[in-house]
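Spelled out from the first residue to the last, the chains are:
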Amino acid sequence: DETTGDGGVFSSYLQIRGSIPTFWTQESSVTMPKPPIVLNRVDPTYQATQAHFDDLLRRYGSPIIVVDLVKQSEKREREVIVGNEFRNAIDYINCHIDDRHKILYCALDYSHISKHRNLNVSSSLNDVATWSVNRTGFFCSEPKWKIAEGGG
């Protein structure tokens, strides 16, 4: 959404946080602090996921950027299961839609980054934010601002 004011022309964005739009369950249990995640319905054409992104596209337009914060690797796979299914759904959808509306996907394993002293969470989040902003074309016409790749 673009608005004009005394200071220039600005863009805005919408951020939606939610559950992964595929068919999965996780039973809550007092005795099991991390219950297994189960894919509980076969949906080879990802109809529910497509309906979710169709709704977002119709309501807000493109680009749609997904920042996936699900763990990308685990000794005992839980989140990875639903994360892989989500990534497969996005890949499937992107094969069947116009290039200008393809879903942009970025995985950021926040848990992994925060546990390694050689990796920096703030820097990683900044890199993803910079990537995202540069893909959307957000801008401010006055004063002249530029978001640089590499945190500069």
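Coordinates for the structure precede this section.
Conventions and cut-offs
Residues numbered from 1 in each chain as written. Predicted model: local features only at pLDDT ≥ 70, side-chain atom pairs only at ≥ 80, totals over all residues. Heavy atoms only, no water. Helix = DSSP H or I, 4+ residues; strand = E, 2+ residues; numbered from the N terminus. Expected span 1.5 Å × (residues − 1). Buried < 20%, exposed > 50% of the residue type's maximum accessible area, 1.4 Å probe, protein only. Contact = heavy atoms within 4.5 Å. Phe/Tyr/Trp six-rings, centres within 6.5 Å; stacked < 30°, edge-to-face > 60°. Lys NZ or Arg CZ within 6 Å of the ring centre and 35° of its normal. Core = buried A, V, L, I, M, F, W, Y, C linked by side-chain atoms within 4.5 Å.

Considerations on helix α2 (residues 79-95)
Between the first and last C-alpha of α2 there are 25 Å, a value that for 17 residues agrees with the 24 Å anticipated at 1.5 Å per step. Where α2 is concerned, the buried positions are V80, V82, G83, E85, F86, A89, I90, I93 and N94. Next to the buried residues of α2 lie β3 (24-26), β4 (37-39), α1 (47-60), β5 (65-68) and β6 (104-107).

Here we look at the packing of aromatic side chains
Counted according to the given criterion, the structure contains two aromatic pairs. Where F53 meets F86, the ring centres are 6.3 Å apart and the plane angle is 15°; that geometry is what we call stacked. You can see F53 sitting in helix α1 and its partner F86 sitting in helix α2, a full 33 residues away along the chain. Its relative accessible area of 6% is what places F53 among the buried residues. For the cation-ring pair, R41 lies above F23, with the distance from its terminal atom to the ring centre recorded as 4.0 Å.

Some remarks on the nonpolar core
Counting residues in hydrophobic clusters, the biggest one holds 12 residues: I20, I37, F53, L56, I64, V66, V70, V82, F86, I90, I93 and I103. Sorting the residues of this core by element identifies α1 and α2 as the ones contributing at least two each. The element that contributes the greatest number of residues to this core is α2, accounting for four residues. Of all hydrophobic cores here, the second largest spans six residues; its members include C106, L108, I113 and V121.

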